[in-house]
Amino acid sequence: MLLTNSLEIKSYPVVFFDSGVGGLSYLARAKEKLPDERFVYIADTKNYPYGDKSSQEIREAVLGVITRVFQKINMKCMVIACNTASVVALDDLRKRFSLPFIGVVPAIKPAAAYSEKKKIAVLATLRTVKDQYLHHLIADFAGGCDVTVVPAGDIRDIVEKRYFTATIEEKEALLKETVKKLKNRDIDAVVLGCTHFLFLEKEFKEILGNTISVIDSREGVINQLIHILQKQDIAAQSLSGSNECYITGNNDSTARYTRFCKEFGLSFSGII
Ligand code: DGL
C-alpha cells in the first residue's frame, strides 16, 4: 500500500495489534493523547497465546493475520502492541509491508536509567524472555545493571481468560508467586514486559510496595506514534468514525471481548 498525504489517508485508522487483550492498555493511552484519531484493535485470539510458541510459529501467525487485515482494512499505521510479536516479527513486518510499524518492547532503557541501585527485573512471556532481542536490549541499554528476567505466562492468562471472573485474591496470589522470585534481588524497578500485565498494574504496585517502581513502555510508544503521524503528515484532522475491535476466532472469546470493548469504548465487530 502506498501512502500519500491525502485527506483520505488522514482519516484512516491507526491499528493496534496483539494476540489478545493486552494491547488495549496501550490503545487506551493513545486514545487519551490523540482524541481525533480513529483506532481499530485486532486481537489474534485464534493463535493466542504467542508467548508459549516457537519464534517460527509466532512469525507465521503474525504475518498471516496481518496480511489478511491489510486486505480488509485501510490503515495508516500499525502499533504491534505485543512485546512477544514485536521481538520476534517486527523486522519481517517492516520488510513485507510499506507501512509505518511501531513496536512495543520491554522498557529496559527507562528502567536502567531510573534504577539507582542498578538492579532491575523484567517480567515477560517465555518467548520474550528467551529471545535474543531482549538480551541485546539488555546488553545495549542496561549493561551496568544486574537484570533478573522472569517468565510469567500465568499472569497473562488470568488477564486474557479470567479478568472479569477471577477474584482479586486469586489475582493477587498469582502476582505474589511471581514477585517471590524477585526476593533478595534488591531491585528498585520492575519492567512489565508483556502488555497483558498492565491490566494488573495497580495490584503489582501494591504488592511491590513503595521502594520498587513499576515501569512500562506506554509513554515512549505513544510519543513515537505521535511523532510518526506528524512527521509523515498523516494525523487525523477530526474523528471520522467509531473505534472498533476484531478478533480472529475462538468463539469463547466473544462474550469477554464484548465486555472488554465496552470498558475501553470500542465497538465489537466480530471475527476478521
Ligand atoms: N501481550 C503479549 C506481549 O506483550 C503476550 C501475549 C501472548 O503470550 O500471547 O508479549
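Residues numbered from 1 in each chain as written. Predicted model: local features only at pLDDT ≥ 70, side-chain atom pairs only at ≥ 80, totals over all residues. Heavy atoms only, no water.

Participant: Pulling in residues and values, what's your account of the pairing of strand β7 (residues 189-192)?
Facilitator: Burial along β7 is two-sided: the residues Ala189 and Val191 and Val190 and Leu192 are all buried. Sheet topology places strand β5 (residues 119-124) next to β7; four bridges connect them, and they run parallel. Bridge pairing in β7 links leucine 123 to leucine 192. Looking at chain direction, β7 and strand β8 (residues 213-215) are connected through three bridges and run parallel. Counted as the bridge partner of valine 191 is isoleucine 215 from β8. Note on the crossover from β7 through helix α10 (residues 201-208) to β8: the handedness is right-handed. (Buried < 20%, exposed > 50% of the residue type's maximum accessible area, 1.4 Å probe, protein only. Helix = DSSP H or I, 4+ residues; strand = E, 2+ residues; numbered from the N terminus. Pairing = 2+ DSSP bridges. Right-handed = clockwise from strand over helix to strand, strands pointing away.)

Participant: With reference to specific residues and values, describe the nonpolar core.
Facilitator: Ranked by size, the top nonpolar core spans 56 residues in total, and within it Phe16, Val79, Val190, Phe204 and Leu225 carry the most contacts. With six residues, helix α11 (residues 218-231) is the single largest residue contributor to this core. The residues contacting valine 79, other than those within four sequence positions of it, are Val14, Val15, Phe16, Phe17, Ile102, Val104, Val221 and Leu225. Judged by nonpolar contacts, the second largest core, of 45 residues, contains Cys82, Ala89, Ile138 and Ile215. (Core = buried A, V, L, I, M, F, W, Y, C linked by side-chain atoms within 4.5 Å. Contact = heavy atoms within 4.5 Å.)

Participant: Summarise the site of the ligand; cite the residues concerned and give the values.
Facilitator: In the neighbourhood of the ligand, 14 residues make up the surrounding shell, with Ser19, Tyr50, Gly51, Thr84 and Thr195 lying closest. Glycine 51 places a main-chain nitrogen or oxygen 2.8 Å from an oxygen atom of the ligand. Within the backbone of threonine 195, an N or O atom sits 2.8 Å from an oxygen atom of the ligand. Contact with the protein chains hides 100% of the accessible area of the ligand, taken as 300 Å² for the molecule alone. By residue class, the composition of the shell around the ligand is five nonpolar, seven polar and two charged. (Near = heavy atom within 4 Å. Polar contact = N/O pair within 3.5 Å; in protein donor to acceptor, adjacent residues only side chain to side chain. Areas by Shrake-Rupley, 256 points an atom, 1.4 Å probe, with all protein chains shown as cover. Nonpolar A, V, L, I, M, F, W, Y, C, P; charged D, E, K, R; others polar.)

Participant: Summarise the packing of helix α8 (residues 153-162) against helix α9 (residues 168-180); cite the residues concerned and give the values.
Facilitator: Running from N to C, α8 and α9 cross one another at 160°; their axes reach a closest spacing of 10 Å. When the interaxial angle is binned, α8 and α9 end up roughly antiparallel. The interaxial crossing formed by α8 with α9 has left-handed handedness. Residues Asp154, Ile155, Ile158 and Arg162 of α8 pack against Glu170, Lys171, Leu174, Leu175 and Thr178 of α9. Broken down by class, the residue content of the contact of α8 with α9 amounts to four nonpolar, one polar and four charged. (Axes fitted to C-alpha atoms, helices over the stretch in contact; angles between N-to-C directions. Parallel < 35°, antiparallel > 145°, perpendicular 65-115°, else oblique. Left-handed = near helix turned anticlockwise from the far one by under 90°.)

Participant: Give me the lowdown on helix α7 (residues 132-141), citing residues and values where you can.
Facilitator: Residues of α7 that are buried: Leu134, Leu137 and Ile138. The buried residues of α7 all sit within an arc of 95° when viewed along its axis, so they share a single face. In this structure, α7 carries Ala139 and Asp140 as exposed residues pointing more than 90 degrees from its buried face. Where α7 is buried, its residues contact α5 (108-114), β5, α6 (126-130) and β6 (146-151). The residue sitting at the N-terminus of α7 and contributing the capping side-chain oxygen is aspartate 131; that oxygen lies 2.9 Å from the backbone nitrogen of tyrosine 133. (Arc of directions from axis to C-beta.)

Participant: Could you give an account of the packing of aromatic side chains, with specific residues and numbers?
Facilitator: Taken as a whole, this structure holds twelve aromatic pairs when the rule is applied. Note on phenylalanine 16 and phenylalanine 39: the rings are 5.8 Å apart at their centroids and 75° apart in plane angle, and the pair reads as edge-to-face. Of this pair, phenylalanine 16 sits in strand β1 (residues 14-18) while phenylalanine 39 sits in strand β2 (residues 39-43), and the two are 23 residues apart along the sequence. Considered together, phenylalanine 16 and phenylalanine 39 belong to a single accessibility category, that of buried residues. Here the aromatic cluster, defined as three or more aromatic residues joined through ring pairs, consists of Tyr163, Phe164, Phe199, Tyr257, Phe260 and Phe264. The ring centre of tyrosine 163 lies 4.4 Å from the NZ or CZ of lysine 171, which sits over that ring. (Phe/Tyr/Trp six-rings, centres within 6.5 Å; stacked < 30°, edge-to-face > 60°. Lys NZ or Arg CZ within 6 Å of the ring centre and 35° of its normal.)

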